[in-house]
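Residue-level structure breakdown
Spelled out from the first residue to the last, the chains are:
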Amino acid sequence: MTEFIPPARPLIGEEERAAVDRVLRSGMLAQGPEVKAFEEEFSAHFGLGRSCVAVNSGTSGLHLGLLSSGVGPGDEVIVPSFTFAATANSVALTGATPVFADINADDFCLSPAAVEAAITERTVGIMPVHLYGHPADMRSLGALAERHELQIFEDAAQAHGASLGGTPVGSFGSFGVFSLYPTKNMTSGEGGMVSVATPEIERKLRLYRNQGMEQQYKNEVVGFNNRMTDIHAAIGRVQLTKVDAWTRQRQENAAFLSANLEGVTPPPVAPGAVHVYHQYTIRVPQDRDGLAKALRDEYSIGSGMFYPVPNHQLAPFAVDVDLPETTRAAAECLSLPVHPSLSRDDLERIVTAVNTLAKAGA
Ligand SMILES: *Cc1c(COP(=O)(O)O)cnc(C)c1O
């Protein structure tokens, strides 16, 4: 029996277990010194050059980041439709309207031309997603934002360590959010890290995170409890010491797949971009679902579809816009395993399976 190759696998070791135990023994479980240390270490590790604020998920990071940047009812924020629902959800939760724009045919990220066409007098910001770990076109989007006096909000949930022209993602916008969900490139169990451009946004984020208080019983705004616990932060701090090696392994795995897969277009990397391969996504123009099923049933290989239903077609949003590249990507995208625990045998099995099935299907 061939062992199943999962599409993702969180890596938790003795060091993470020991760190959790240390916190449990301390008796101080909620947000405390571990969270503070994690915020500082995260910013330094990824060279963000700005403050970071830890929260309990990537989604709440996006939500609080938007609130702290002044986004609210009546505003529009331009988002891709080809992304995880958290992107549009976070905008809608502020009372603002997510406006869906199409993606580039090559890198699956927001198309600057499509964004420009979607700008109205209500637009206050653009939320690019560094999808699959590839940086969005921040040069063009940044220039566009400047020309129209818009803010940039980065959804870097999948892109820890990705960069463009030497600048790390998460340091281009008013804020940038990294998710720490178990299947992301590093985890804290659940969690999110928000990198912030200004002390004002940072202060508001810290207020919203904790009931609107900086000092107890001196509430300044209506706030949430979106704090990270010290238990989660302790896991994240250990993962920070491992994530670079995992990223290198992801990049090596991607290089192997790209060199050996036949008849499929490898995921492109823009000039000056560092891709951290949260996903390794190919296009399967004919019968993608059949290929995914055959990989699983005949070769015991898991794969993923991120995302088969574009956000503009989800029930809570359901808007009638024509996004041809989004529609095409949703029908064709297939993510092959690329995670750091793949062995050389696993990689060869994936290559053989995809090449054989692609040939049989042609
Ligand atoms: C995972 C993810 C999020 C949300 O992060 P959570 O930590 O799961 O809340 C947001 N955007 C994208 C693109 C994601 O992949």
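Not measured: the values here are computed from a predicted model. (Residues numbered from 1 in each chain as written. Predicted model: local features only at pLDDT ≥ 70, side-chain atom pairs only at ≥ 80, totals over all residues. Heavy atoms only, no water.)

**Overview of the overall build of the chain**
To keep it simple, the criterion reads: Strands are runs of DSSP state E lasting at least two residues, helices are runs of H or I lasting at least four, and both sets are numbered from the N terminus onward. To get the radius of gyration, use the C-alpha atoms; to get the globule rule, take the number of residues to the power 0.38 and multiply by 2.2 Å. Type-normalised accessible area, obtained with a 1.4 Å probe on protein chains alone, sets the label of each residue: buried when under 20%, exposed when over 50%, and partly exposed for intermediate values. Using a 1.4 Å probe, accessible areas were evaluated by the Shrake-Rupley method; residue-level cover was limited to the displayed protein chains. By the counting scheme adopted, Arg and Lys are positive, Glu and Asp are negative, and His together with the chain ends is not counted. For the purpose of locating charges, the reference atoms are NZ of Lys, CZ of Arg, CG of Asp and CD of Glu.
For the chain, the count of helices and strands is 12 helices and 12 strands. Relative to the 2.2 N^0.38 estimate, which gives 21 Å for 362 residues, the radius of gyration of the chain is 20 Å and therefore close to what a compact globule would have. The principal-axis extent of the C-alpha atoms belonging to the chain is close to 70 × 55 × 35 Å. For the chain, with 362 residues in total, the buried portion stands at 55%. On the chain, roughly 15500 Å² of surface is accessible, and the fraction owed to carbon and sulfur atoms is 53%. Between the mean site of the 28 positive side-chain charges and the mean site of the 41 negative ones, the chain shows a separation of 5 Å.

**A short note on the site of the ligand**
The line we're drawing: Here a residue is near a molecule or strand as soon as one of its heavy atoms is found within 4 Å of it. Contacts described as polar in this section are N or O atom pairs within 3.5 Å, which, within protein, must combine one atom able to donate a hydrogen with one able to accept it, while residues neighboring in sequence count only if both atoms come from side chains. Three classes are used: nonpolar for Ala, Val, Leu, Ile, Met, Phe, Trp, Tyr, Cys and Pro, charged for Asp, Glu, Lys and Arg, and polar for all others, with Gly counted as polar.
In the vicinity of the ligand there are 15 residues, among which Gly58, Thr59, Asp155, Ser179 and Lys184 approach most closely. Between Ser179 and the ligand, the recorded distance is 2.7 Å, taken from a side-chain N or O atom to an oxygen atom. For the ligand, the accessible surface in isolation is 380 Å², of which the surrounding protein chains cover 93%. Taken together, the elements giving at least two residues each to the shell around the ligand come down to α3 (58-68) and α4 (86-93). Taken together, the residues that form the shell around the ligand break down as five nonpolar, eight polar and two charged.

**What to know about the pairing of strand β12 (residues 333-336)**
The line we're drawing: At least two bridges found by DSSP between two strands is the condition for calling them paired.
Neither face of β12 is exposed, since Cys333 and Ser335 on one face and Leu334 and Leu336 on the opposite face are all buried. When strand β11 (residues 280-283) meets β12, the two strands line up antiparallel, connected through four bridges. Across the sheet, residue Arg283 finds its bridge partner in β12, namely Cys333.

**Side note on the packing of aromatic side chains**
Rules: Paired rings are identified among Phe, Tyr and Trp, the last through its six-membered ring, by centres lying within 6.5 Å, and are further divided according to the angle between planes into stacked (under 30 degrees), edge-to-face (over 60) and tilted (the rest).
Using the criterion set out here, one finds 13 aromatic pairs in the structure. When the ring of Phe82 is compared with that of Tyr307, the centres are 6.4 Å apart and the planes differ by 80°; the resulting orientation is edge-to-face. With Phe82 in the loop between β2 (76-80) and α4 and Tyr307 in the loop between α10 (288-299) and α11 (324-332), the pair connects residues that are 225 residues apart, well separated along the chain. Since its relative accessible area comes to 12%, Tyr307 is described here as buried. Aromatic ring contacts, followed pair by pair, group Phe82, Phe84, Phe108, Tyr132, Phe306 and Tyr307 into a single cluster.

**Notes on the pattern of salt bridges**
Two side chains of opposite charge can pair, provided their charged atoms sit close to one another. Which entries qualify depends on this criterion: A pair is scored as a salt bridge if a Lys or Arg side-chain nitrogen falls within 4 Å of a carboxyl oxygen belonging to Asp or Glu.
Applying the stated rule across the entire model yields 22 salt bridges. Residue Glu39 pairs with Arg206 through a salt bridge whose shortest N-O separation is 3.3 Å. With a gap of 167 residues between them, Glu39 in helix α2 (residues 33-45) and Arg206 in helix α7 (residues 199-209) connect regions that are remote in the sequence. With relative accessibility at 7%, the residue Glu39 sits in the buried group.

**What to know about the domain arrangement of the chain**
Keep this limit in mind: Annotation comment: domain bounds sourced from an automatic or database domain assignment. A contact between two residues is defined here by any heavy atoms of the two lying within 4.5 Å. Summed over both partners, buried area is the accessible surface (1.4 Å probe) that two parts give up on being assembled.
Each domain of the chain was delimited in the assignment, giving domain 1 (14-240) and domain 2 (243-360). A straight line from the C-alpha centre of domain 1 to that of domain 2 covers 25 Å. Every contact between the two is made by 40 residues of domain 1 and, on the other side, 35 residues of domain 2. Between domain 1 and domain 2, the buried area comes to about 3000 Å², and carbon and sulfur atoms account for 59% of it. Three residues stand out in domain 1 for area buried against domain 2, namely Phe100, Tyr132 and Asn185, and they jointly supply 24% of the buried area on that side. Run the count over domain 1 and domain 2 and you get zero salt bridges. At the level of secondary structure, the elements contributing two or more residues to the side of domain 1 that touches domain 2 comprise α4, β3 (97-101), β6 (163-164) and α8 (230-240). A class-by-class count of the residues in the side of domain 1 that touches domain 2 yields 20 nonpolar, 15 polar and five charged.

**Quick word on the packing of α3 against α4**
Rule in force here: Lines fitted to C-alpha atoms define the axes, with helix axes restricted to the stretch in contact, and inter-axis angles between N-to-C directions lie between 0 and 180 degrees. Handedness of a crossing follows from how the near helix is turned relative to the far one, being left-handed for an anticlockwise turn of less than a right angle and right-handed for a clockwise one.
At a minimum axis separation of 8 Å, α3 and α4 run at an interaxial angle of 40°. Judged by the sense of rotation from one axis to the other, the crossing of α3 with α4 is right-handed. Every residue of α4 that contacts α3 at Thr59, Leu62, His63 and Leu66 is listed here: Ala86, Thr87, Ser90, Val91 and Leu93. The class makeup of the residues in the contact of α3 with α4 is five nonpolar, four polar and no charged.

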